[in-house]
Structures are given as C-alpha cells and as structure tokens.
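# Coordinates in review
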Amino acid sequence: MKKYKKLVPVVLIVFMGAGIYSTVSSAAEESNKYQNYLKKARKQAKLEVVEDAVSNYEKALERKDSVDIRIELGDVYVKNEWNREALNWGEDLVERYPESADAYTFLLQQYITNEEYTECFKLRDQAEARKAENKQFDKLMD
C-alpha cells in the first residue's frame, strides 16, 4: 500500500508533463499551419490566382482571426476588381471588429469605389459613435 502512495504523485507528474508537451506541440503545429496558409495565400494573390488565394486566407483565418489579415484579403478583392465581394467583406469586417478604425477605413474606401455616398455618411456617424476613426478615414471623408 505504501508503494502506491509514493507511486501516485510520480504518475500524476508524468501525466501532467505529457499533457503540457501535447498542448505545446499542438499549438506549434497550429501556428505552422497558419503561417503556411498565409504564405500560400500571399503567393497565389501575387500570381493572381484569386480563388485559391481566398481559400487559403480563409483557412488561415479559421486558425487565427485578425483585422489585419481580413483587410489583406479584402485588398486582394480590391486589386482584382471584385468590388461587390470587397464591399461585402468590408461590411462583415466592421461587424466583426466594430472598434477597429482600419476596418471602417477599408469599408469607407469600398463605399467610395461603389459610389454609395449616403452609406459613407452613415458609416462616419457610426465610426464617430464608436471612436473608431483615424487620419486616413478623415482624409477619405473629406
């Protein structure tokens, strides 16, 4: 019986160590996948293979969502003149990140491109209310 009392803490420490190792290795693997998807997406965007680039950006966003990567994907739409997709993407971006000045700036650019000027003023009021403006946003509004 005394042998088991001494063995239990050792076994628990071993299991805890294995759990920590597993967690750390999973996180590293997930980070590598994220970086690989981004790398592929950027390369495909540069080569103008838009649909594959979008697919890889979306896979990267599934792993780690961020305003910057979403704007980068939106810029792919803009560069390839997918204006309706860029506009929808911008609206979703503002909805997901209502405190991000960059999100509002991106969407404002899309409203201007699509000549939806009444939406620009609505967006300005929304950005002001959330204190999500920056110099670039103000410059575009002028």
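Conventions used here
- Residues numbered from 1 in each chain as written.
- Predicted model: local features only at pLDDT ≥ 70, side-chain atom pairs only at ≥ 80, totals over all residues.
- Heavy atoms only, no water.
- Helix = DSSP H or I, 4+ residues; strand = E, 2+ residues; numbered from the N terminus.
- Expected span 1.5 Å × (residues − 1).
- Buried < 20%, exposed > 50% of the residue type's maximum accessible area, 1.4 Å probe, protein only.
- Arc of directions from axis to C-beta.
- Contact = heavy atoms within 4.5 Å.
- Core = buried A, V, L, I, M, F, W, Y, C linked by side-chain atoms within 4.5 Å.
- pLDDT = per-residue confidence, 0-100.
- Phe/Tyr/Trp six-rings, centres within 6.5 Å; stacked < 30°, edge-to-face > 60°.
- Axes fitted to C-alpha atoms, helices over the stretch in contact; angles between N-to-C directions.
- Parallel < 35°, antiparallel > 145°, perpendicular 65-115°, else oblique.
- Left-handed = near helix turned anticlockwise from the far one by under 90°.
- Nonpolar A, V, L, I, M, F, W, Y, C, P; charged D, E, K, R; others polar.
- Polar contact = N/O pair within 3.5 Å; in protein donor to acceptor, adjacent residues only side chain to side chain.

To continue, consider helix α4 (residues 83-96). For α4, spanning 14 residues, the distance from its first C-alpha to its last is 20 Å, which sits close to the expected 20 Å at 1.5 Å a residue. Of the positions making up α4, those classed as buried are A86, L87, W89, G90, L93 and V94. Projected down its long axis, α4 shows its buried positions confined to an angular sector of 165°, all on one face. Contacts made by the buried residues of α4 are with α2 (50-63), α3 (67-79), α5 (101-113) and α6 (117-129).

Within soluble globular proteins, side chains that are nonpolar generally end up buried alongside one another. Ranked by internal contacts, the top residues of the largest apolar core, which has 34 residues, are Y57, L73, Y104, L123 and F137. For this core, the elements supplying multiple residues, two or more each, are α1 (2-46), α2, α3, α4, α5, α6 and α7 (135-141). Look past the residues within four positions of Y57 in its chain and what remains in contact with it is L38, A41, R42, I69, E72, L73 and V76.

Moving on, we get to the side chain of N56. Examined against the element boundaries, N56 turns out to sit in helix α2. On the accessibility criterion, N56 (8% relative accessible area) is buried. The contact partners of N56, leaving out residues within four places of it in the chain, are Y37, K40, A41 and Q44.

All right, on to the confidence of the model for the protein then. A residue-level look at the protein finds 85% of positions with pLDDT of 70 or above and a mean pLDDT of 87. By mean pLDDT, α1 is the weakest element of the protein at 75, and α3 is the strongest at 95.

With that settled, consider the packing of aromatic side chains. Considering all chains together, one arrives at 2 aromatic pairs under this definition. On the basis of an interplanar angle of 25° and a centroid distance of 5.9 Å, the ring pair of Y77 and W82 is categorised as stacked. Classification of W82 as partly exposed rests on a relative accessible area of 27%. Relative to W89, the ring of Y77 lies with its centre 6.0 Å away and its plane at 70°, an arrangement referred to as edge-to-face.

Quick look at the packing of α3 against α5 now. At a closest axis distance of 10 Å, the pairing of α3 and α5 adopts a crossing angle of 15°. As summarised for this structure, α3 and α5 are arranged roughly parallel, according to the angle between their axes. Taken as a pair, α3 and α5 cross one another with a handedness that is left-handed. Contact with α3, carried on its side by V67, D68, I71, G74, D75 and V78, involves D102, A103, F106 and Q110 of α5 and no other residues of that element. Taken together, the residues that form the contact of α3 with α5 break down as 5 nonpolar, 2 polar and 3 charged.

Below, the discussion takes up the side chain of R70. For R70, the position within the fold is in helix α3. Judged by its relative accessible area of 6%, R70 is buried. In this structure the side chain of R70 is engaged in a polar contact, spanning 2.7 Å, whose partner is the side chain of D65. R70 has contacts with L61, D65, W89, D92, L93, R96 and Y97, leaving out every residue within four places of it along the chain.

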